[in-house]
Amino acid sequence: MSQENLSPDLDPRFVFDYRAYDDLGPGQRWSTWLDVEPLSRGPEPRPDWVVTSQGAVDTELGILKTGKEADVFLLDRTDPHDPAQSVVMAAKRYRAPEHRTFHRAASYTEGRSMKRSRDERAVKRKSTFGREVAAGEWAVSEWSALNRCWELGLPVPYPVQVEGTEILMEWITVDGETAPRLAQTRPEPALLASYFDQLREAMATLVQAGLVHGDLSPYNILAAGERLVVIDLPQLVDLVGNAQGFDFLLRDCTNVCTWFVRRGLEVDPQELFGELMAHAF
């Protein structure tokens, strides 16, 4: 009710304005931003594009990428009464237990511990409950990795929020379209050299923090114009705490250097490995 239409008998202190929202349509839900606890929301300061309105609606826009362990969808979050609060995000959803496997989990999770021993026993037995726990654990692992990498200043998507097996994060684009994977690009020599320098710096920052990506390749690096963005981080490995940490680091070096060599840049994985080891100690 507007102030000018108030009855003179009404105390304006007890009158408020409100706006009705339409019912949700297919593929829509109310924003889950306020449904999750504060620690399940991205680090501060948050980018201006993060939509925090309680009246925002999440709308499915379709699938962006399928994978062995998770699928990525595009999700529009917009407040119908405040169009300025609008963003399209990537929603990574780890698959239900019956549709996914964790065949790599043992080597990547070495050195990690779960909060509850019951959960850890269930995962080891590979029971139905254990597989459900594992799905959530890997979502939490990627969420934690994204937050840590973001706070280290690494080129990763901004993590918006996590709930269950779903992570909402920044959608990396080029001219309004999803940025291609590095493997799909053929950059000119100068840009190729710049890409390698960026990647070497990112890997050095990780190693200085005692971390290794663990599965780095041109297929989980996005080429966003002149900058690279590293994605797919659920298996982030402790360099020293994991017995295979140094093997993972050498493999990461080999995977990326092999691609750059094929594109015409003279780089050596052993040399990169040695340089990164110098950052570690």
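Once a new chain begins, its residue numbering starts again from 1 and follows that chain's sequence as written. Thresholds applied to this predicted model are a pLDDT of at least 70 for local features of residues and 80 or more for the giving and counting of side-chain atom pairs; totals over whole chains, interfaces and linings are not thresholded and use all residues. Processing note: side-chain calculations cover all non-hydrogen atoms of the structure and skip hydrogens and water entirely.

Enquirer: Please clarify how the packing of aromatic side chains should be interpreted in this entry.
Expert: For any two aromatic rings, the description comes down to two numbers: the centre-to-centre distance and the angle of the planes. Think of it this way: a Phe, Tyr or Trp ring, Trp meaning its six-membered ring, pairs with another when their centres are within 6.5 Å, and the plane angle makes it stacked under 30 degrees, edge-to-face over 60, tilted otherwise. Within this structure, the stated rule accounts for four aromatic pairs. When the ring of Phe 196 is compared with that of Phe 260, the centres are 5.2 Å apart and the planes differ by 75°; the resulting orientation is edge-to-face. One end of the pair, Phe 196, is in helix H4 (residues 189-208); the other, Phe 260, is in helix H5 (residues 245-262), and 64 residues separate them in sequence. A ring pair is formed by Trp 259 and Phe 260, whose centres lie 5.0 Å apart and whose planes are at 90°; its orientation type is edge-to-face. With respect to burial, Trp 259 and Phe 260 carry one shared label: buried. Definition used: whenever NZ (Lys) or CZ (Arg) falls within 6 Å of the ring centre and also within 35 degrees of the ring normal, the charge is taken to sit over that ring. Directly above the aromatic system of Trp 33 lies the positively charged group of Arg 41, at a separation of 5.3 Å from the ring centroid. Here the basic side chain of Arg 93 rests over the ring of Phe 73, its NZ or CZ set 4.7 Å away from the ring centre. The helix count covers DSSP runs of H or I at least four residues long, the strand count covers runs of E at least two residues long, and both are numbered beginning at the N terminus. Buried means the residue's accessible area, taken with a 1.4 Å probe over protein chains only, is under 20% of the maximum for its type, while exposed means over 50%, and partly exposed covers the values in between.

Enquirer: Hey, could you run me through the packing of H4 against H5 in this one?
Expert: Fitted lines through C-alpha atoms give the axes, limited to the stretch in contact for helices. The angle between two N-to-C directions lies from 0 to 180 degrees. Running from N to C, H4 and H5 cross one another at 175°; their axes reach a closest spacing of 11 Å. Considering the angle they form, H4 stands roughly antiparallel to H5. Within the contact between the two elements, H4 uses Leu 192, Tyr 195, Phe 196, Leu 199, Met 203 and Val 207 and H5 uses Leu 249, Asp 252, Cys 253, Val 256, Cys 257, Trp 259 and Phe 260. Polarity classes work like this: nonpolar for Ala, Val, Leu, Ile, Met, Phe, Trp, Tyr, Cys and Pro, charged for Asp, Glu, Lys and Arg, and polar for all others, with Gly in that last group. The class makeup of the residues in the contact of H4 with H5 is 12 nonpolar, no polar and one charged. Working definition: roughly parallel below 35 degrees, roughly antiparallel above 145 degrees, roughly perpendicular at 65 to 115 degrees, and oblique for all remaining angles. Note on contacts: a residue pair is in contact if any heavy atoms of the two residues lie within 4.5 Å.

Enquirer: Help me understand the nonpolar core, please; the structure alone is not making it clear to me.
Expert: Here is a general trend for soluble globular proteins: nonpolar side chains tend to be buried in one another's company. Buried Ala, Val, Leu, Ile, Met, Phe, Trp, Tyr and Cys residues that are joined via side-chain atoms within 4.5 Å together make up what is termed a nonpolar core. The biggest cluster of nonpolar side chains holds 49 residues, and the ones touching the most others in it are Leu 199, Met 203, Leu 249 and Phe 260. With nine residues, the single largest contributor to this core is H4. Those residues within four positions of Leu 249 in sequence are excluded, and the remaining contacts are Met 203, Val 207, Val 212, Leu 239, Phe 273, Leu 276 and Met 277. Counting 12 residues, the second largest nonpolar core, distinct from the first, contains Phe 73, Leu 75, Tyr 158 and Val 160.

Enquirer: I would appreciate a short explanation of the sheet that holds strand E4 (residues 82-94) in the present structure.
Expert: Note: strands within a sheet are paired through backbone hydrogen bonds, in either parallel or antiparallel orientation. Two strands make a pair as long as DSSP finds a minimum of two bridges between them. With antiparallel pairing, six strands are arranged side by side in an open sheet as E1-E2-E3-E4-E6-E5. Here the strands that pair on one side only, and so sit at the sheet edges, are strand E1 (28-30) and strand E5 (159-163). Geometrically, the sheet is characterised by an average inter-axis angle of 30° between neighbouring strands, direction not taken into account. Here strand E3 (residues 70-79) runs beside E4; their pairing, made up of 10 bridges, is antiparallel. By the bridge assignment, Leu 74 is partnered in E4 with Ala 90.

Enquirer: For this particular structure, what's the right way to read the confidence of the model for the chain?
Expert: For any part of a model where pLDDT is low, the fine detail of the predicted coordinates should not be relied upon. Per-residue confidence from the predictor is given as pLDDT, running between 0 and 100. Scored by pLDDT, the chain comes out at a mean of 86, with 78% of its residues at no less than 70. Confidence drops under a pLDDT of 50 for residues 116-124, and excluding neighbours within four residues, the segment shows 12 contacts in the predicted structure.

Enquirer: What should I look at first to understand the side chain of Arg 77 in this one?
Expert: Within the fold, Arg 77 resides in strand E3. Among the polar contacts made by the side chain of Arg 77, one reaches the side chain of Thr 32 at a distance of 3.3 Å. Side-chain atoms alone can form a polar contact between residues adjacent in sequence; in general such a contact is a pair of N or O atoms within 3.5 Å, and within protein one must be able to donate a hydrogen while the other accepts it.

Enquirer: When you look at the packing of H4 against helix H6 (residues 269-280) in this model, what are you seeing that I'm missing?
Expert: The relative placement of two packed helices comes down to the angle between their axes together with the axis-to-axis distance. Where H4 contacts H6, the axes come no closer than 8 Å and their chain directions differ by 35°. Handedness of the H4/H6 crossing: right-handed. Facing H4, whose interface residues are Phe 196, Arg 200, Met 203, Ala 204, Val 207 and Gln 208, H6 presents Leu 272, Glu 275, Leu 276, His 279 and Ala 280. Residue composition of the contact of H4 with H6, grouped by class: seven nonpolar, two polar and two charged. When the near helix sits turned anticlockwise from the far one by under a right angle, the crossing is termed left-handed; a clockwise turn instead gives a right-handed crossing.

Enquirer: Looking at this model, I keep getting lost on H5. Mind explaining?
Expert: For the α-helix, the turn length of 3.6 residues means that residues three or four positions removed from each other point alike. Taking 1.5 Å of rise per residue, the 18 residues of H5 would be expected to cover 26 Å, and the 26 Å separating its terminal C-alpha atoms lies within 8% of that figure. If you check which residues of H5 are buried, you get Gly 245, Phe 248, Leu 249, Asp 252, Cys 253, Val 256, Cys 257, Trp 259 and Phe 260. Axial view of H5: buried residues confined to an arc of 160°, hence all on one face. Exposed and facing more than 90 degrees away from the buried side of H5 are Asp 247 and Arg 262. Given the number of residues in a helix, its expected span is that number minus one, multiplied by 1.5 Å. Directions pointing from the helix axis toward each C-beta atom define the arc.

Enquirer: Could you clarify how one ought to interpret H6 in this entry?
Expert: With 12 residues, H6 extends 16 Å between its outermost C-alpha atoms, agreeing within 8% with the 16 Å of an ideal straight helix rising 1.5 Å per residue. Listed as buried for H6 are Leu 272, Phe 273 and Leu 276. The arc enclosing the buried residues of H6, seen along the axis, measures out at 100°, which places them on a common side. Pointing more than 90 degrees away from the buried face of H6 are the exposed residues Gln 270, Glu 271 and Ala 278.

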